[in-house]
Amino acid sequence: MRQSRAPQTFRVKSFGCQMNVYDGERMAELLADRGMRAAPEGEDADLVVLNTCHIREKAVEKVYSDIGRLVKAGGETPPMIAVAGCVAQAEGEEIMARAPGVGLVVGPQAYHRLPEMIARAAKGERAADTDMPADAKFAALPSRRRSGPSAFLTVQEGCDKFCTYCVVPYTRGAEISRGFSGLLREAEILVEAGAREITLLGQNVNAWTDGARGLDGLIKAIAKLPGLQRIRYTTSHPNDVTEGLIRAHAEEPKLMPFLHLPVQSGSNRVLRAMNRSHTADGYLRLLDRFREARPDIALSGDFIVGFPGETNAEFADTLRLVDAVGYAQAFSFKYSPRPGTPAAAMDSQVPREVMDERLQRLQAAINRDQLAFNKASVDRHCDVLVERRGKKPGQWLGKSPWLQSVFFEGEATIGDMAAVELVEAGPNSLHGRLRETVAA
Ligand code: 5AD
Ligand code: SF4
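Remember, predicted model here, so these are calculated numbers, not experimental data. (Residues numbered from 1 in each chain as written. Chains lettered and ligands numbered in written order. Predicted model: local features only at pLDDT ≥ 70, side-chain atom pairs only at ≥ 80, totals over all residues. Heavy atoms only, no water.)

With that settled, the discussion passes to the overall build of the protein. The number of helices and strands found in the protein is 13 helices and 21 strands. Overall, the C-alpha framework of the protein stretches about 60 × 60 × 45 Å when taken along its three principal axes. In the protein, buried positions account for 55% of the 440 residues. Counting 56 positive and 56 negative side-chain charges, the protein places the centres of these two groups 2 Å from one another. (Helix = DSSP H or I, 4+ residues; strand = E, 2+ residues; numbered from the N terminus. Buried < 20%, exposed > 50% of the residue type's maximum accessible area, 1.4 Å probe, protein only. Lys, Arg positive; Asp, Glu negative; His and termini not counted. Charge placed at Lys NZ, Arg CZ, Asp CG, Glu CD.)

In terms of nonpolar packing, the biggest core is built from 91 residues, with Leu 200, Tyr 233 and Tyr 327 touching the most fellow members. Of the residues forming this core, the biggest block, six residues, is contributed by helix H8 (residues 215–223). Those residues in contact with Leu 200, other than ones at most four positions away along the chain, are Leu 153, Val 155, Val 205, Leu 215, Leu 218, Ile 219, Ile 222, Ile 231, Arg 232, Tyr 233 and Thr 234. In terms of nonpolar packing, the next biggest core, distinct from the first, is built from 21 residues, Phe 15, Val 60, Val 63 and Val 87 among them. (Core = buried A, V, L, I, M, F, W, Y, C linked by side-chain atoms within 4.5 Å. Contact = heavy atoms within 4.5 Å.)

This next bit is on the site of ligand 2. Around ligand 2 sit Cys 159, Lys 161, Phe 162, Cys 163, Tyr 165, Cys 166, Val 168, Pro 169, Asn 204, His 237 and Arg 276, and those are all the residues in its vicinity. Looking at the shell around ligand 2 residue by residue, the class counts come to seven nonpolar, two polar and two charged. (Near = heavy atom within 4 Å. Nonpolar A, V, L, I, M, F, W, Y, C, P; charged D, E, K, R; others polar.)

Our next topic: the site of ligand 1. Around ligand 1, a shell composed of Ile 55, Arg 56, Tyr 165, Gln 264, Asp 302, Ile 304, Phe 333, Lys 334, Tyr 335, Ser 336 and Arg 338 is seen. Interatomic distance of 2.6 Å between a side-chain N/O atom of Gln 264 and an oxygen atom of ligand 1. Asp 302 is positioned with one of its side-chain polar atoms (N or O) 2.7 Å from an oxygen atom of ligand 1. (Polar contact = N/O pair within 3.5 Å; in protein donor to acceptor, adjacent residues only side chain to side chain.)

With parallel pairing, the three strands of this open sheet are ordered in space as S14-S15-S16. Edge strands, defined here as strands with exactly one partner in the open sheet, are strand S14 (258–260) and strand S16 (329–334). Averaged over all adjacent pairs, the angle separating strand axes in this sheet is 10 degrees, with direction ignored. Two strands pair when backbone bridges link them, and S14 and strand S15 (residues 298–305) are joined in this way by three bridges, in the parallel orientation. Within S15, the residue paired with Leu 259 across the bridge is Leu 299. On top of the sheet, helix H13 (residues 352–377) reaches S15 and S16; it is set at about 175 degrees to S16, its chief contact. (Pairing = 2+ DSSP bridges. Axes fitted to C-alpha atoms, helices over the stretch in contact; angles between N-to-C directions.)

What follows is the structure in structure tokens.
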């Protein structure tokens with residue numbers, strides 16, 4: 001069995017949100033720092049880290065099927081399996097009991113201890129670490145070394161909002177902000193390592209604070225780094241939006257014209273039952289203020305359909321809100337009861353067929369608006385940050401300031417800022433004509 005000796009190669013598989021992607025990168029850096037090698041694509045790894053998501057039921061089912069698949073495929077020599085992320089936090093003990101193939105379980109606030117746990121697991125000592133120490137993790141991690149043109153930087157973790165459907169306050173803990181100077185340093189290192197764009201991440205990123213400084217202050221400080229060209233942030237909560245953040249969209253040219261602001265529902269009764277503490281109107285007024293500051297801002301949101309007790313009329317309110325906003329993109333989900341959350345115990349859970357039908361209608365409305373937004377961009381001239389090669393030879397793929405995927409043909413390389421004219425729009429991407437590239 002491979003478990004009986006220390007693993008030499010690893011693979012980190014991240015599910016769920018961008019914060020998990022960031023955590024996955026940091027785990028990979030940590031393991032590489034301790035002398036392990038990332039297993040090349042297509043090769044089995046001695047250690048597989050499943051960096052899991054607990055937000056919806058389907059995400060959890062995936063973890064157990066992945067564990068089963070890894071154990072089966074490994075035959076006589078299964079890899080060491082580490083379960084990290086939010087499922088680890090929420091169900092650590094249960095995983096250990098249910099899945100004997102799992103060597104260790106480590107929560108999202110404890111993964112800096114991964115190397116020690118791997119060493120113990122290699123000796124046959126299975127362990128779970130789901131401690132939630134504040135900020136200890138970041139200080140214990142090795143510093144960043146390499147970066148693609150677009151990098152993530154977690155600035156805030158956890159959530160104090162307790163929306164009644166959501167597990168995040170339980171799996172990621174209370175809201176904490178990382179300190180300003182450490183973040184500035186990490187941003188600097190990312191830029192030195194090749195990042196041209198940084199996306200600041202947090203469950204409630206706009207609740208970030210250090211002393212008197214809020215997220216707008218952090219954005220403006222990071223914007224001063226020469227070489228950094230674009231800043232984004234996600235995910236924001238309507239109740240933590242400040243005047244300063246709205247103004248930053250007017251004042252800071254490196255801050256991209258894009259806002260992901262989840263609303264979840266267009267019905268005030270449902271919003272109250274969700275404990276969202278904002279109304280549909282209040283949300284629309286907030287968006288107006290962002291639009292005033294930055295008229296071309298692209299808007300994105302999250303929606304849940306079929307929250308317990310949601311009526312047809314209440315769902316129609318959500319469709320109306322979508323019509324009123326005209327999203328550039330949005331995510332929508334069927335409500336999924338999560339163990340331990342207040343909504344899971346509510347009466348009148350909505351039948352599955354009703355949820356299916358509502359989700360289809362909502363997604364059709366969102367797709368319609370996304371296509372309209374993309375079509376309205378045709379003839380615009382904009383910069384595209386080149387992130388990778390396209391499928392066809394000579395083709396490149398990158399993002400517009402409004403986070404649209406843009407492909408174009410011509411002389412360029414990864415990390416370039418390409419000036420393009422948008423000439424054709426589809427629902428999920430646009431075609432650009434190259435005018436000029438500025439080398440990275
Ligand atoms: N069921 C369905 N969707 C959920 N989300 C969070 N919890 C649930 C749940 N229990 C969605 C919300 C949130 C996004 C990250 O996931 O829309 O904004
Ligand atoms: Fe979950 Fe609500 Fe916190 Fe977002 S704000 S992470 S939906 S509890």
